[in-house]
Amino acid sequence: MSVVTELEEQRVLALSAIEAAEDLSALDGVRVAYLGKKGSLTGVLRGLGSLSADERPAAGKAANEVRVAIEAALEARHAVLAASALEARVASEAVDVTLPGRSRPVGSRHLINRLTSEICEIFLGLGYRIAEGPEVELDYYNFTALNTPADHPARSLADTFYVRDLSGDEADVAGESDVLLRTQTSPVQIRTMEKNEPPIYILSPGRVYRRDIADPSHLPQFTQVEGLVVDEGITFADLKGTLEHFAREVFGPDRKTRFRPHFFPFTEPSAEVDVSCGICGGEGCRFCKGTGWIEILGCGMVDPNVFGYVGIDPERYTGFAFGMGVERIACLKYNVPDLRMLVDGDMRFLRQF
Ligand code: 2NL
C-alpha cells in the first residue's frame, strides 16, 4: 500500500472515530490514538524519512493535509461536545426559582405571658419595680416569715410540694425537708424587705406550685403576681385606691369593685376584691353563681409580725400587699370557662387571643 493511500485511510478512520466520540474524554482518546506520540498518524509521519526523494514531497504534502484535516475535525467536534456538556451541567445544577417555599408559621406570646406583662405595666406606671426570685424556696421564706404557723394546713404535704434530697440524707427521707416549690411569690417580697430599706414599691410576677388536681378552677402550677408597698403613712385607703385603679385598667371602666373582709396569716386586716360579673352585668348568673360578683384577688395591710421577721420598724412604717392568679384573671377577662384550657396548648383556642 502506498503511503498516500495509507494516509487517506487514516483520515477516513480518524474522521469517523471523531464523529462517533460521545463525550470529551472519548474525543481525547481519539486524538491520542491518531496524533499522540504513539498515534497511528504519527507512525506514518515518522516513516516519511525513509521514503525516496521523489516520493517524499507528495507524501509530505498529503500527510500535512491529513493532519490538518484531523485537527480541524477534532476542534469542531470538541466545540460541539463542550457546548452540550455545559448545557447538561447548567440543566442539572439549575435552581427552580418558581418552586413555592416551605412556609414557617409565625409564633406569638402566650395569653398568660402577655397578660402578666400588661399587669406589670399598670404598676410600673405607678412607680413600682419588678422583683423576682427562686421557684425552689426555703420554708422559712415561703411560710415562717409570712407569719404562717407551723401547724397551718397550707404547710402540709397534701398542699405543698416538698423537695427531697435523693442522696440519702436521713432527715429528708423522713419527709422533714425545709426545701419546697414556692406556693406564692411572697418569699420574693420577704427577701426584698430583708435587703432594702423602705420606701418599697415592688411587684413580683412568677410561677407558683400547689398540690392541687387540675380542674376548671385549679392548676397545680400557675402564674401569680404579688405586690407590696412599705412606706411611712401607708393606709388601707392607699390599698383601695391602688387596686380600684388596677381593676379599672384590666377590666375597663364599666365594671364595679367591692372589698370583702377575709383572713390571711400575713395581713391584718385582710380583704378579697370582687369585680361585678361581666356576663350578667351584676344581675346574677351561673358564671357568678348568682351573686353578681367575681373574686379577683386577695389583699391586706402587712401584719406587724412580718415586719418583725425582716427587721422593719412597724412603729415607723406601714404597708399593704396583694396577690392574684393571672390564669384566673385571664378567664374572667376573656370569659374562658376552664383554667385548663390555658395550659392545654390547643392552637385553635390560643389563636383567638
Ligand atoms: C391570694 C392572696 C395575698 C399577700 C398575698 C403578702 C406578702 C407579704 C406580706 C404580706 Cl411579703 N402579704 N402577700 C397578701 C395578701 C394576699 O395573696 O389570693 N393569692 C393568690
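Just so you know, these numbers come straight off a predicted model, no measurement behind them.

*Asks:* It is not clear to me how the packing of aromatic side chains should be interpreted in this structure. Could you clarify?
*Replies:* Each aromatic ring pair is characterised by the separation of its centres together with the angle its planes make. This structure, assessed with the given rule, holds 11 aromatic pairs. Seen in terms of ring centroids, Tyr 140 and Tyr 309 are 6.1 Å apart; in terms of plane orientation they differ by 75°. Their pairing is edge-to-face. Within this pair, whereas Tyr 140 is found in helix 6 (residues 139-142), its partner Tyr 309 is found in helix 10 (residues 304-310), the two being separated by 169 residues in sequence. Since its relative accessible area comes to 29%, Tyr 140 is described here as partly exposed.

*Asks:* Would you mind going over the side chain of Ser 177 with me for this structure?
*Replies:* Looking at the element boundaries, Ser 177 is found in the loop between helix 7 (170-173) and strand 3 (179-181). A polar side-chain atom of Ser 177 sits 2.6 Å from the main-chain carbonyl oxygen of Val 163.

*Asks:* I tried to follow helix 2 (residues 24-35) on my own but got confused; where do I start?
*Replies:* Every α-helical turn comprises 3.6 residues, leaving residues that sit three or four positions apart pointing alike. Spanning 12 residues, helix 2 covers 16 Å between terminal C-alpha atoms, matching the ideal 16 Å at 1.5 Å per step. Within helix 2 the residues assigned to the buried category are Leu 27, Val 30 and Tyr 34. For helix 2, the angular spread of buried residues about the axis comes to 55°, placing them on one side. In this structure, the buried side of helix 2 is in contact with helix 1 (3-20), helix 3 (40-47) and helix 4 (56-93). A distance of 3.2 Å separates the backbone nitrogen of Ser 25 from a side-chain oxygen at the start of helix 2, and that oxygen is part of Asp 23.

*Asks:* Help me out: how do you make sense of helix 3 in this one?
*Replies:* For helix 3, every residue scored as buried is listed here: Leu 41, Thr 42 and Val 44. Each buried residue of helix 3 sits inside an arc of 160° when the element is viewed along its axis, so together they form one side. The secondary structure elements touched by the buried residues of helix 3 are helix 1, helix 2 and helix 4.

*Asks:* I tried to follow the site of the ligand on my own but got confused; where do I start?
*Replies:* Taken together, the neighbourhood of the ligand is formed by 15 residues, with Gln 224, Glu 226, Phe 266, Gly 298 and Ala 321 sitting nearest. Gln 224 is positioned such that a nitrogen or oxygen atom in its side chain is 3.1 Å from a nitrogen atom of the ligand. The contact in question runs from a nitrogen atom of the ligand to an N or O atom on the side chain of Glu 226, over 2.9 Å. Contact with the protein chains covers 92% of the free accessible surface of the ligand, which is 480 Å². A molecule is said to occupy a pocket when more than half its atoms come within 2 Å of that pocket's grid points, and by this definition the ligand occupies the largest pocket.

Reading guide: rules and limits
Residues numbered from 1 in each chain as written. Predicted model: local features only at pLDDT ≥ 70, side-chain atom pairs only at ≥ 80, totals over all residues. Heavy atoms only, no water. Phe/Tyr/Trp six-rings, centres within 6.5 Å; stacked < 30°, edge-to-face > 60°. Helix = DSSP H or I, 4+ residues; strand = E, 2+ residues; numbered from the N terminus. Buried < 20%, exposed > 50% of the residue type's maximum accessible area, 1.4 Å probe, protein only. Polar contact = N/O pair within 3.5 Å; in protein donor to acceptor, adjacent residues only side chain to side chain. Expected span 1.5 Å × (residues − 1). Arc of directions from axis to C-beta. Contact = heavy atoms within 4.5 Å. Near = heavy atom within 4 Å. Areas by Shrake-Rupley, 256 points an atom, 1.4 Å probe, with all protein chains shown as cover. 1 Å grid on protein atoms, 1.4 Å probe; cavity = no way out; pocket = protein on both sides within 12 Å on 5 of 7 lines; lining within 4 Å. Sits in = over half its atoms within 2 Å of the grid points.

The values reported here are purely geometric and, on their own, carry no functional implication.
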